[in-house]
Structure formats: C-alpha cells, structure tokens
Amino acid sequence: MATAPTNQTAPQTGAQAVIASAVDPARRPDVLLRVRRDEGHEVSAWWMVGAFVGVSAAVVSLLSWVPGGS
C-alpha cells in the first residue's frame, strides 16, 4: 500500500490532521471501566449473561416491595 507524499512545510488538514491528533478512546481519562485487552483475552459472554440475570433479579425483587401490585 503506497502512502501519499506529504508536504512538511504546509499545515496538515483534513484526515491527516485528524489522524495525527487522534486519541485512543480506551485511554481517555473520562471513560470509566474501559480496558483494552490483548487479542484472545476478551471478557466471556457468560459474564454479560450473568450480569443481565443478576440485574433482572434485583429489579424484580425491588419491585416486589412497591405497594399497589396485584
């Protein structure tokens, strides 16, 4: 893949400027709980299934305390 020659005396514009000043989103300080992992070290899908079941059970149990249900 050939790269286009760039003129180092002229200011960078367009995509060149965007790429040059790009920040890795996983390294931004305002993003919580985002971790970049190596290839093959992704979180198991079962953790997400378990989290869904756990949150659903918590919501149902908390809603059982709300009066007015049948």
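Preceding block: the structure.
The paragraphs below set out a description of the structure included in this document. Values in this document were obtained by computation on a predicted structure and should not be read as measured data. (Residues numbered from 1 in each chain as written. Predicted model: local features only at pLDDT ≥ 70, side-chain atom pairs only at ≥ 80, totals over all residues. Heavy atoms only, no water.)

Thoughts on the overall build of the protein chain
Next up, step 1: Looking only at helices and strands, one finds two helices and zero strands in the protein chain.
Next up, step 2: Taken over 70 residues, the protein chain has a buried fraction of 3%.
Next up, step 3: Element-wise, carbon and sulfur atoms account for 66% of the exposed surface of the protein chain, whose accessible area totals about 6,900 Å². (Helix = DSSP H or I, 4+ residues; strand = E, 2+ residues; numbered from the N terminus. Buried < 20%, exposed > 50% of the residue type's maximum accessible area, 1.4 Å probe, protein only. Areas by Shrake-Rupley, 256 points an atom, 1.4 Å probe, with all protein chains shown as cover.)

Observations regarding a nonpolar patch on the surface
Next up, step 1: On the surface, a nonpolar cluster with roughly 500 Å² of combined accessible area is contributed by W46, V49, F52 and V53.
Next up, step 2: Residue placement: V49 occurs in helix 2 (residues 45-63).
Next up, step 3: Among the residues examined, V49 registers a relative accessible area of 40% and is labelled partly exposed. (Patch = residues over 30% accessible without salt bridge, like charges linked within 9 Å, V, L, I, M, F, W, Y side chains within 5 Å. Salt bridge = Lys/Arg side-chain N within 4 Å of Asp/Glu carboxyl O.)

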